[in-house]
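# Structure at a glance
Spelled out, the chains give:
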Amino acid sequence: MKIKSILTFLLSVFCLSVSAQTVYSARSEADINMKVEELLAKMTLEEKTGQMNQLSFYDGKDVEKQFLQPLRNGAIGSLLNVENVEMLNRLQKIAVEESRLGIPLLFGRDIIHGYRTIFPVPLGQAATFDPALAEAGARAAAVEARSVGIRWTFAPMLDISRDPRWGRIAESFGEDPYLGGTMGAAMVRGFQGYSLTDENSLAACLKHFAGYGAAEGGRDYNSTNIPPALMRNVYLPPFEMALKAGAQTVMTSFNDNDGIPSSANSYLLKDLLRNEWKFDGFVVSDWASMDEMIAHGFAKDGKHVAELSANAGLDMEMVSRTYIRFLPELVREGKVSMETIDNAVRNILRVKLRLGLFENPYAPAQSIAYTDESLKLARRAAVESAVLLKNAGNILPLKEDVKIALIGPMAHAPHDQLGTWSFDGEKEKTVTPLRALQTEYTHVKYVYEAGLAYSRDLNAGNFAKAKAAAADADVAVVVLGEEAILSGEAHSLSSLNPVGRQSELLSAVKSAGKPVIMAVMAGRPLTIERNLHDADAVLYCFHPGTMGGVALFDLIFGKENPSGKLPVTMLREVGQAPMYYNHNNTGRPAPDNPVTLEHIPLEAGQTSLGNTSYYLDSGRDPLFPFGYGLSYSAFEYSDLSLSANSISKTDSLKVSFTLTNTGKIKGVEVAQLYVRDLVGSIARPVRELKGFQRVSLDAGQSKTVEFRIAANDLAFYGSDLKRKTEPGEFTLWVGGNSNATLNANFTVEE
Ligand code: NOJ
């Protein structure tokens, strides 16, 4: 595919010099801008606002009135959710051949973690700590989606998510800005390819700008209250990183931050995005997020909405039609300037031209799906995203000659295993754990007894059968979790225990007296402390996508060695939320083993028991920290050394250490580097991830691992909102999770 792409590229560059007609495909920005100006000069105000209007397509009886006629009038710039290729080409033909200026439509769709071949949900992909794999997965998704005419995906989602009650945590890369930005940038590269005009490229869309993941209490769409420095230091860096990877579009978020809805936030859209970051793609609203400013109490009616958003710098409106209805009038009234409109249209046309839409507007003749390559990648991604949380007595890996009792509502849930946002995934193609035993691990003896029909099922009528199946087998593999619809957009939860009676089912199976392997397929980190007691081993798979079932048995049988690490803190109790590793220390950090409820004497007098910041009932610590994950191997970190004890503000530091696989088999360790700035002009987090590497080691092998951190990587925004590295002392740690202990100090000089 690579060679083919290079050839296409060379060919198109060659064509440029020989064909006058290829002006639209010119990759030179000067040519593109010239073409934009040429078009703009010909456009009426209504045609301009048409480009700023995006609608969601439905194939109902009003198609002529809702879509075809407006298209002829140049009143639609983009459509989302056109599912049928013939229809897509028909709509495009009208835009290209029957509208006055022939400006092609841009077709968008939510290709979040795969088109047909579904990859693990983004939170699972973050657990791989493998940006190259995320990039390859996004590329595979782009190849499939592009083959049915889609040119623009609404991904990646870069919202820092520190509250698992929020269902959209599944779509995120978790709680850490550096990991989130690294994975997000990788996906942008994957979707967009080496060139936007490549026949397999999609435009990426960074969302949701900004702060949406901090929705109060994890309730979706809720307000956020993120102060400016926190916004800069935590919520914005992933966007900046992914923009540097060349993302062409940005989507505003639903939330109001400190009272200002993002779709009318000119600080975000103008000062930051355009002036500071020099973004020259376009900004789209989220679905009706503009219109919703009326409910926010920020706009009085649709006309006011259009005025506020246009003046704030929002280029394209998704579905709520206030631009198309009111912008011409607002311009005539002088409330929105023609320059504002022109700039928005420029941004949109520039992206359309960069994508090569003008010379190549249609879907290709042949669709592509489920190639060997994409299935192989999806399997690898599912393998690498699984996090081994417990492996008592090294029960895993199992020998393939054991008899397995396969139990649990997610053991064969072909739809649900795909996870949220898998519109175009097909459950018939899902390899569930059951199907993996039927088709791939066919020599393994097993009995299947679901126990519960689906995750919320309250009928315990089959528990006895499940227990009997376990008693009759050598080992039980119990696959629990959540249905796809229980996480994702608009699916916030106030309890994170496995839903329904799944925990009881697990206990019933455990009572059969056989070893129990628990696998969890879920969009979010559930509170599974209770379940740990009933399981000898636990593999947390997130929603693993099309190939999740076979990947699970690859791990269970040791064909693969687990290497996933948690991209998010796993809580003991939902009441701990939000809890994340990169918090500030507070004035009263809790010690190890702080006083708990049981220590409180009866009729105790008023006292600041414990005197520190933690919960009396659930303690100080989460169930598992960020970055945690076991392997069938074991890894030891030693000989930490720094190239200097002190660096200047323009220097960098080489950090090296020895990593040894002390286990009996080959394995991959995600080595992590954390830093703390001990004294800052604003209090700094107790640790911040500054680097990670997947290191593969044979049994007994040692390697020297090196990281380089520049003083600039230690910079942050203080209360003056200026980014700088402050001189002083720092501690760094290297290790296999955010509780790493091997450390050294260094200084950044004045
Ligand atoms: C609403 C979601 O918030 C957004 O992420 C998605 O891309 C749009 N709908 C389009 O489906």
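Here goes a summary of the coordinates provided. (Residues numbered from 1 in each chain as written. Predicted model: local features only at pLDDT ≥ 70, side-chain atom pairs only at ≥ 80, totals over all residues. Heavy atoms only, no water.)

## Notes on the sheet that holds strand 16 (residues 537-540)
Picture the strands of a sheet paired through backbone hydrogen bonds; they go either parallel or antiparallel. Ordered in space as 11-16-15-14-12-13, the six strands form an open sheet in which the pairing is mixed. If you trace the sheet from one side to the other, it starts and ends with strand 11 (387-391) and strand 13 (445-449), each paired once. Neighbour-to-neighbour, the strand axes of the sheet open up by a mean angle of 15°, direction not taken into account. Inspection of the sheet shows strand 12 (residues 403-407) paired to strand 13 by five bridges, in the parallel sense. (Pairing = 2+ DSSP bridges. Helix = DSSP H or I, 4+ residues; strand = E, 2+ residues; numbered from the N terminus. Axes fitted to C-alpha atoms, helices over the stretch in contact; angles between N-to-C directions.)

## Observations regarding the packing of aromatic side chains
Applying the stated criterion across every chain, the model contains 23 aromatic pairs. With centroids separated by 5.9 Å and ring planes inclined at 75°, the aromatic side chains of Tyr 178 and Phe 692 adopt a geometry described as edge-to-face. A residue pair is termed long-range when its members are at least 10 positions apart, and Tyr 178 in helix 8 (residues 177-192) and Phe 692 in strand 21 (residues 688-697) qualify at 514 residues. Put simply, the rings of Phe 129, Tyr 178, Tyr 581, Phe 626, Tyr 674 and Phe 692 pair up and form one aromatic cluster. Across from the ring centre of Tyr 580, 3.8 Å away, lies the NZ or CZ of Arg 162, which sits over that ring. We note Lys 207 situated over the ring of Trp 421; from NZ or CZ to the ring centre the distance is 5.5 Å. (Phe/Tyr/Trp six-rings, centres within 6.5 Å; stacked < 30°, edge-to-face > 60°. Lys NZ or Arg CZ within 6 Å of the ring centre and 35° of its normal.)

## A closer look at the packing of helix 4 (residues 63-72) against helix 5 (residues 85-98)
Where helix 4 contacts helix 5, the two axes come as close as 8 Å, and the packing angle between them is 25°. Looking at the two axes, helix 4 sits roughly parallel to helix 5. Residues Phe 67, Leu 68, Leu 71 and Arg 72 of helix 4 form the contact with helix 5, whose own contacting residues are Arg 90, Leu 91, Ile 94, Ala 95 and Glu 98. A breakdown of the residues in the contact of helix 4 with helix 5 according to their chemical character gives six nonpolar, no polar and three charged. (Parallel < 35°, antiparallel > 145°, perpendicular 65-115°, else oblique. Contact = heavy atoms within 4.5 Å. Nonpolar A, V, L, I, M, F, W, Y, C, P; charged D, E, K, R; others polar.)

## Quick notes on the side chain of Glu 726
For Glu 726, the position within the fold is in the loop between strand 24 (723-724) and strand 25 (728-735). Within polar-contact distance, the side chain of Glu 726 engages the side chain of Ser 681 at 2.3 Å. (Polar contact = N/O pair within 3.5 Å; in protein donor to acceptor, adjacent residues only side chain to side chain.)

## So, the site of the ligand
Taken together, 13 residues lie around the ligand, and Asp 110, Arg 168, Lys 207, His 208 and Asp 286 are the ones closest in. Class assignment of the residues belonging to the shell around the ligand gives a composition of seven nonpolar, one polar and five charged. (Near = heavy atom within 4 Å.)

## Description of a nonpolar patch on the surface
Judged by side-chain polarity, Leu 597, Ile 600 and Leu 616 come together as a nonpolar surface patch covering roughly 220 Å² of accessible area. Topologically, Ile 600 is positioned in the loop between helix 21 (548-556) and strand 17 (635-642). Using a relative accessible area of 32% as the deciding quantity, one classes Ile 600 as partly exposed. (Patch = residues over 30% accessible without salt bridge, like charges linked within 9 Å, V, L, I, M, F, W, Y side chains within 5 Å. Areas by Shrake-Rupley, 256 points an atom, 1.4 Å probe, with all protein chains shown as cover. Salt bridge = Lys/Arg side-chain N within 4 Å of Asp/Glu carboxyl O. Buried < 20%, exposed > 50% of the residue type's maximum accessible area, 1.4 Å probe, protein only.)

## So, the pairing of strand 5 (residues 205-209)
Of all five residues in strand 5, five are buried, a share of seventy percent or more. The sheet contact formed by strand 5 and strand 6 (residues 249-252) spans three bridges and is parallel. Considered in strand 6, the bridge of Cys 205 is made with Thr 249.

## A word on the pattern of salt bridges
Per the counting criterion, the structure on display carries 43 salt bridges. Residue Glu 83 pairs with Arg 109 through a salt bridge whose shortest N-O separation is 3.9 Å. Taken as a pair, Glu 83 in the loop between strand 2 (78-80) and helix 5 and Arg 109 in strand 3 (residues 106-109) lie far apart in primary sequence, 26 residues in all. For Glu 83, a relative accessible area of 59% translates into the label exposed. Take Arg 109: its relative accessible area is 3%, and that puts it in the buried class. Its salt-bridge partner being Glu 669, residue Lys 565 comes within 3.1 Å of it at the nearest N-O pair. Taken together, the residues Lys 565 in the loop between helix 21 and strand 17 and Glu 669 in strand 20 (residues 667-677) connect sequence positions 104 residues apart. Glu 669 sits in the buried class, given a relative accessible area of 5%.

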